[in-house]
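Below, each chain spelled out in residue letters.
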Amino acid sequence: MPWLPSDASLARHIQAVKDQSTTGGQEVEEYGKFMKHVRDNAPQRLLVWGLGYDSRLLADLNRGGTTLFVEPHGQWIRKSGICEHFNCVTYHPRTQLNTTVATIRRFVAAPHRANIRELERQCFDTILVDSPLGFLPRHPGRAAPIFTAAVDTQACRERNEYPPGRAVTVWVHDCNRTGEDELTNAFLGPSFSETGPKKLRQFRMGPAGWAHMQGWTALLDAVRKRSGKQAMEPWF
């Protein structure tokens, strides 16, 4: 059975998570926005890019559904112990994402899915992209996870993998950074909501799929032109 804590109870659990993560992770209002969505739509198929102090709470909120965590750091997986009880996939960013923050413009010009076998032909009702690291030029960044979320949910919709009326939602954290801002604009279109100082963005797929996909080529051309004009500006 789903676990349905009240808003007040959930707020106490979120504060406990924040006390552990301190300056890392999402801010309290960002956690609240996303976790209420998970609670209110459970049980569901939930994909979370990244393990953190919030992972156990997220899995509990989606009790009765399926939750998959995708995490590149084996040391953190062993330390957290979360994967002893929940589904986790680990990967190597260099070979399976093949991106860096410094090469985001090249990625936008020629995007590709994340090369993670466990995600192939999988459909999720809610996806959170909050990993891997993306604040230094050498970090892998979130280009491949964001693009994978866009094309995979579109493919699932086209295969009629979602029941009629089922909401499909993608969330991307840290859109206060230039990279996440531009990547979400390019691959997910306008956001449905934006929460908190780190800008947790929510994107909803309509019954026909991502509305801007029909203008995919024109959209990419526009992003490339914009990138060319801002060639000296960093993405981090």
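Just so it is clear, the model here is predicted, and its values are computed rather than measured.

Turning our attention to the overall build of the chain. Helix and strand content of the chain: nine helices and seven strands. Put simply, the chain has 236 residues, and 50% of those count as buried. If you sum the accessible surface of the chain, you get close to 11,500 Å²; carbon and sulfur atoms cover 52% of it.

Our focus in this paragraph is the side chain of His37. By the element assignment, His37 lies in helix α2 (residues 28-41). With residues near it in sequence (within four places) discarded, His37 still touches Gln44, Thr126, Thr169, Trp171 and Gln202.

Further remarks concern the environment of Val170. Relative to the helices and strands, Val170 is located in strand β5 (residues 168-172). With 123 residues separating them in the primary sequence, Val170 and Leu47 have C-alpha atoms 9.5 Å apart. Contact partners of Val170, with chain neighbours within four places excluded, come to Ile127, Ala149, Leu188, Arg201, Gln202, Phe203 and Trp210.

A few words on the packing of aromatic side chains. Taken as a whole and judged by the stated rule, the model has five aromatic pairs. With a centroid separation of 6.1 Å and an interplanar angle of 85°, the aromatic rings of Phe107 and Phe147 are classed as edge-to-face. Of the two residues, Phe107 is situated in helix α6 (residues 104-109) and Phe147 in helix α7 (residues 143-158); the sequence distance between them amounts to 40 residues. Put simply, the rings of Phe107, Phe147 and Phe187 touch in pairs and so form one group of aromatic residues. The lysine or arginine in question, Arg204, covers the ring of Phe192, its NZ or CZ lying 3.8 Å from the ring centre.

Let us now look at the environment of Arg166. On the secondary structure map, Arg166 appears in the loop between α7 and β5. Separated by 41 residues in sequence, Arg166 and Pro207 have C-alpha atoms that sit 8.5 Å apart. Not counting the four nearest positions on each side in its chain, Arg166 is found in contact with Asn41, Pro43, Gln44, Asp125 and Arg157. At 3.4 Å, the side chain of Arg166 forms a polar contact with the side chain of Asp125.

As a rule of thumb, nonpolar side chains are buried together in soluble globular proteins. In terms of nonpolar packing, the biggest core is built from 37 residues, with Trp49 and Phe187 touching the most fellow members. Those elements that provide at least two residues to this core are β1 (45-49), β2 (66-71), α6, β4 (126-129), α7, β5, α8 (178-187) and β7 (200-205). No other element matches α7, which puts seven residues into this core. For Trp49, the contacting residues outside a window of four places in its chain are Val70, Tyr91, Leu97, Ala114, Ile116, Leu119, Ile127, Leu128, Val129, Asp130, Ser131 and Pro145.

Moving on: the packing of helix α1 (residues 7-21) against α2. Between α1 and α2, the shortest axis-to-axis distance is 10 Å and the interhelical angle comes to 130°. Relative to α2, the element α1 is oriented oblique. For the element pair α1 and α2, the recorded crossing hand is right-handed. Together, Asp7, Leu10, Ile14, Gln15, Val17, Lys18 and Ser21 of α1 and Val28, Tyr31, Gly32, Met35, Lys36 and Arg39 of α2 make up the contact between the two elements. Residue composition of the contact of α1 with α2, by class: six nonpolar, three polar and four charged.

Reading the values: rules and limits
Per chain, the residues get numbers from 1 upward, laid out in the order the sequence is written. The predicted nature of this model means local features are confined to residues of pLDDT at least 70 and side-chain atom pairs, given and counted, to a pLDDT of 80 or more, with totals for whole chains, interfaces and linings taken over all residues. Each side-chain value is derived from all of the structure's non-hydrogen atoms; neither hydrogens nor water enter the calculation. For the purposes of this entry, the term helix denotes a DSSP run of H or I that reaches at least four residues, the term strand denotes a run of E that reaches at least two, and both are numbered from the N terminus. Throughout this description, buried means an accessible area under 20% of the type-specific maximum (1.4 Å probe, protein chains only), exposed means over 50%, and partly exposed covers the range between. Computed with a 1.4 Å probe, the accessible areas rest on the Shrake-Rupley method; for each residue, only the protein chains presented here act as cover. The contact criterion used throughout is that any non-hydrogen atoms of two residues lie within 4.5 Å. Side-chain rings of Phe, Tyr and Trp, where Trp is taken by its six-membered ring, are said to pair if the distance between their centres is within 6.5 Å; with planes under 30 degrees apart they count as stacked, over 60 as edge-to-face, and otherwise as tilted. In this scheme, Lys NZ or Arg CZ marks a charge over a ring once it lies within 6 Å of the ring centre and within 35 degrees of the ring normal. Polar contact is defined as a pair of N or O atoms within 3.5 Å, subject to the rule that within protein one atom must be able to donate a hydrogen and the other to accept it, and that residues adjacent in sequence are counted only when both atoms are side-chain atoms. Throughout this description, the term nonpolar core refers to a set of buried Ala, Val, Leu, Ile, Met, Phe, Trp, Tyr and Cys residues connected via side-chain atoms within 4.5 Å. In this analysis, axes come from line fits to C-alpha atoms, helices being fitted only over the stretch in contact, and the angle between any two N-to-C directions falls in the range 0 to 180 degrees. The cut-offs work like this: below 35 degrees is roughly parallel, past 145 is roughly antiparallel, 65 to 115 is roughly perpendicular, and the gaps in between are oblique. The handedness criterion is simple: a crossing whose near helix is rotated anticlockwise from the far helix by less than a right angle is left-handed, and one whose near helix is rotated clockwise is right-handed. Side-chain classes are defined by residue name, with Ala, Val, Leu, Ile, Met, Phe, Trp, Tyr, Cys and Pro counting as nonpolar, Asp, Glu, Lys and Arg as charged, and the others, Gly among them, as polar.

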